[in-house]
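In case you want the letters, here they are:
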Amino acid sequence: MNDVSLSDPAVHVAGVQEIAPELLVVPDRRIPLVPNIGIIGGTEAVLVVDTGMGTANAEQVLSLASEVAEGRRLYLTTTHFHPEHAFGAHVFHGRATYLANRAQAEDLKVKGAGYLEMFRGFGPPVADRLDGDVRVVAPDVVYDDGYDLDLGGRCVRLRATGRGHTKGDQVIGVPDAGVLFTGDLAETGQFAIFPWFPPYDTDVSGIGWLTVMERLAADGHRTVVPGHGAVGGPQVLGDVRDYLRELRDETWRRRDSAMGGSEIVAEVRALLIERHPEWTGQEWIEKGVGCLCTEHPTVTDQDPTG
Ligand SMILES: [Zn+2]
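Fair warning: this is a prediction, and the values are worked out from it, not measured in the lab.

**Some details on the sheet that holds strand β2 (residues 23–26)**
Here comes step 1: Taken in spatial order, the seven strands line up as β1-β2-β3-β4-β5-β6-β7 in an open sheet, and their pairing is mixed. With partners counted over all chains shown, the strands left at the sheet margins are β1 (17–20) and β7 (141–143), one partner each. Here the strands of the sheet are splayed against their neighbours by 25° on average, with no regard to which way each runs.
Here comes step 2: In the sheet, strand β4 (residues 45–49) pairs with strand β5 (residues 73–77) via five bridges, with the strands oriented parallel.

Rendered as structure tokens:
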């Protein structure tokens, strides 16, 4: 998920790039609500990672994937349930086998319809992408913690990470190419996206997310495809980890000194913008501070929505 914007969240498959043999990325071109999309090929099958938002975007992605597959079997997975990542899965229904982790399947079931309604309320470019036959579909195959998908000569590792950006995040690793698709657990060139919208959605966990990033950053991936922003090296993971630590430490330090909520937001926001002047998405800092305030050790037994 990204900030609300009036630009049209159009996926442009013509910009597709081959970052490794039989491993394509359709880049987001830095357009809000457009994700980086992956197409991973083996000798027997092809896996698509994320769909783009709505029918027309997903039809383009399916068409490209079918062209690449040349008759090979198609699979789809989504990194998490947010609209630009998963709300095109209906187009793949009956054409590809849709796999996802159980926590994400639960997010789709419990929160999918509400998010579809919310995003349909965002105005014409976004609402237009979601009108008509867009619906939230359940994955065909649901796994608990991990699933190794054999594409023929290439094994892809689907791994549930535990709660971070959402309750149901998963990452997709392609070990032979050293590539990791992270979904919105990592973004480049912008502040980490905290979908913290109390009382409606408080599933994001800054502390859970940091734990996930500490683990992923230590795993030795050579190439990282973030949910949004430029593809990069392992530093993409290290940068997000470091930012989350910074956000936690600066928030908690002020919380320790009993500073008020709005003052904490103002100070942390100013400080982090000064440290990362080139990053976009400044509106996510405040949400991150709000989330981490409720995760402060002295308040974790209280109602996080209170
Ligand atoms: Zn997201």
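That covers the picture; the talk isn't over yet.
**Description of unusual backbone geometry**
Here comes step 1: P199 follows P198 through a cis peptide bond whose omega is 5°.
Here comes step 2: Its location among the elements puts P199 in the loop between β11 (179–187) and α6 (206–217).
Here comes step 3: In this model, E70 sits at a positive phi of 45°, which is unusual for a non-glycine residue.
Here comes step 4: Mapped onto the elements, E70 comes out in the loop between α1 (55–69) and β5.
Here comes step 5: Overall, E70 belongs to the exposed group, its relative accessible area being 71%.
Here comes step 6: The phi angle at A258 is positive, at roughly 60°, despite the residue not being glycine.
Here comes step 7: Judged by its relative accessible area of 68%, A258 is exposed.

Reading guide: rules and limits
- Residues numbered from 1 in each chain as written.
- Predicted model: local features only at pLDDT ≥ 70, side-chain atom pairs only at ≥ 80, totals over all residues.
- Heavy atoms only, no water.
- Pairing = 2+ DSSP bridges.
- Helix = DSSP H or I, 4+ residues; strand = E, 2+ residues; numbered from the N terminus.
- Axes fitted to C-alpha atoms, helices over the stretch in contact; angles between N-to-C directions.
- Buried < 20%, exposed > 50% of the residue type's maximum accessible area, 1.4 Å probe, protein only.

Remember, this is a structural readout, not a statement about activity or role.
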